[in-house]
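Coordinates in review
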Amino acid sequence: MVKYTDYIKKRKFLYCCLFVSCVVMMISQVIIPIYLSNISAGMLELEWRVVKNGGIAIVILAAVRLISEYLWGHLDYYLSNKSLVEAENDYVQKYLKKEYAFISGNDFMYLSQRINNDIVVIMDYFNEKVPMVCCHVAKLSGIIVILFLRDVVIGLISLLCIIFVVVVYVVSRKKMYGLSKKTSESESYFFSYVSVKLSRVKEIKLGAKYSEIGNGFVQIGDKYVKNAVKYLDFSNLINILGTFFMTAFLAVYILISRGRYDVVQDISLGATLVLSIFYFQQIIEDTSYLLGYSGMRQKYLVSKTRLDNILNVPDDVDGKVLPAAITELGGDKLVFNYGEKKIIENMNFNFKKGKIYGICGKNGSGKSTLVLLLLGILKPISGSVSWNNIDIKEINRTQIIKNNIAVTSQEPVLLEKTIQDSLFENVRTKEITEDYRGLLEFVNGKEKGLATPVYINGTNLSGGEKQRIAIVNSLLKKPDVLIMDEPTSALDVGSISLLSKILAAEKRERITIIISHDKDFMEVCDEMVEIK
């Protein structure tokens, strides 16, 4: 489980500076009204030195408050965003290590929005809300003590304000949690819908499906707006009621004070009233913040629960055995279903080094599923997969897949690097043979050649160019096992012929498994495995 406070501990000094700046800011807010009160008393008693000294002190305190507020803001922005980036990275890593069945069974866009939104809420809570609420509570405590020393009655009234805040929090927290949860869920669905549609702009344009997309926006957006308005209305109502009752408490105090001081005829009436009014304004602001914090607290708990639910999903566990090389892949009575649909039933196979195996079958018959089972990414309902006659559960698959196995998918995913970096990523050799150069002939037409940058998702490269880069990268890896899923889908006839030549020439070096609908290309295979 993630300990969110670990992100704070990594920068303890800066966090302490954040806290100190917040404390200084609050102290200045508490002290300034005292000097204003003294100035009022000095003016009534014609004590101009008191007025002068009080004015100078207020200017100095205002400058201190200005500096502390700026420092607070700077540190808050830095720490919040820095911890946010680190937490996002940690969560992505943890998410990717969950069982594939969980990942593939969820809406990726929804989960990405959900994780991002929840982490933002949590980091904001720890970096800003927690220190601020501590300082507000300390400030309120100091104000109450000062008011008690000045006047017991107003001290009691201010204490009632705090009790009122606590009661409101206790009464409203369950409803606030429920409304916050509904808002967070609908918000994640709405923005994931936006992301999905923007990622499919090509398909939308090809089908001119603008109105259909608009209707979807309205339907999902209305649900989000409805939940958000309910949550914000309730939160706003709590704050408004809090401000109303705080103001009513102040009015009651002024009426009580007027009657008491008319009798006593004490010249400190003006000074005490000035101090009380200033402090009650601050009490109203502080209690409003604390009431708002109650909503933020419930929002944090919702976000934490949602993230914990993801983290509680079982990890994809590796074994400890690390074979020096993979020379044989086996499957024994494999059974796998998607829901109630049977995909693979009682399948046996044995792939050995030195041969090229072709996997064929109709669309949806389970060819790609077999590869996922073969690599241990999916778990069979029954039966077993072995590498070198060792049960795959006992093998450290992560290290073997990274170092000994190469997979070329139909739609390769290239990272934001140069073409050269993409070619040489995690390879055993950087020697590009004449045949490999033939597959990379397109690079000669690029202005920067191998130094050409690859944009996000390879948007500046064609499907065939991305496929060729991925194929050559897999070959340079010199893997024990080479798996190619529709490797010729975006290649021209000449490139397909060249790839067949390379695979045939190098087949003794590895186990080669090909999934393809290209019958001519599949002639390079030594054995065929048909999935019905």
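Okay, so let's go over this structure. Throughout this document, residue positions are counted from 1 along each chain, in the order its sequence is written. At least 70 in pLDDT is required for a residue's local features to be given in this predicted model, at least 80 for side-chain atom pairs to be given and counted, and no such filter applies to totals for whole chains, interfaces and linings, which use all residues. Side-chain metrics rest on all non-hydrogen atoms present in the structure, leaving aside hydrogens and water.

This part takes up the environment of Thr305. Runs of H or I in DSSP of at least four residues are treated as helices and runs of E of at least two as strands, each being numbered from the N terminus. Position of Thr305 among the secondary structure elements: in helix H9 (residues 268–311). A sequence separation of 124 residues divides Thr305 from Lys181, and the C-alpha atoms of the two residues are 9.8 Å apart. There is a polar contact of 2.8 Å between the side chain of Thr305 and the backbone oxygen of Leu301. Pairs of N or O atoms within 3.5 Å make up the polar contacts considered here, provided that, within protein, one atom can donate a hydrogen while the other can accept it, and that residues adjacent in sequence are counted only when both atoms are side-chain atoms.

What follows is about the pattern of salt bridges. By convention in these notes, a salt bridge is any Lys or Arg side-chain nitrogen within 4 Å of a carboxyl oxygen on Asp or Glu. Within the structure shown, the criterion is met by 24 salt bridges. Of the charged contacts, one joins Asp316 and Lys379 as a salt bridge, the two residues approaching to 2.9 Å between their closest N and O atoms. Note that Asp316 is positioned in the loop between H9 and strand E1 (328–338) and Lys379 in the loop between helix H10 (367–374) and strand E4 (382–387), a separation of 63 residues in sequence. We call a residue buried when its accessible area falls under 20% of the maximum for its residue type, exposed when it is over 50%, and partly exposed in between, using a 1.4 Å probe and counting protein chains only. Accessibility expressed as a relative area gives 23% for Asp316, which makes it partly exposed.

Another aspect to go through is the side chain of Ser68. Topologically, Ser68 is positioned in helix H3 (residues 48–96). Not counting chain neighbours up to four residues away, the residues in contact with Ser68 comprise Ser21, Val24 and Met25. For this analysis, residues touch if any pair of their heavy atoms sits within 4.5 Å.

So, on to empty space enclosed by the protein. With a 1 Å grid spanning the protein atoms alone, the term cavity applies to any set of points in which a 1.4 Å probe fits but cannot get out, the term pocket to an open set with protein on both sides within 12 Å along at least five of seven lines, and the term lining residue to any residue with an atom within 4 Å of a point. Grid points are joined across faces, edges and corners, and a volume is the space filled by probe spheres set on the points. Within the structure shown, the criterion is met by 1 cavity of 30 Å³ or more. Looking at the largest cavity, the residues that line it are Tyr7, Ile8, Arg11, Tyr15, Leu79, Lys82, Ser83 and Asn127. Going through the elements one at a time, helix H1 (5–9) and H3 are the ones with two or more residues in the lining of the largest cavity. Among the elements that line the lining of the largest cavity, the one with the most residues is H3, at 3 residues. Classification used: nonpolar for Ala, Val, Leu, Ile, Met, Phe, Trp, Tyr, Cys and Pro, charged for Asp, Glu, Lys and Arg, polar for all others including Gly. Partitioned by chemical class, the residues of the lining of the largest cavity number 4 nonpolar, 2 polar and 2 charged.

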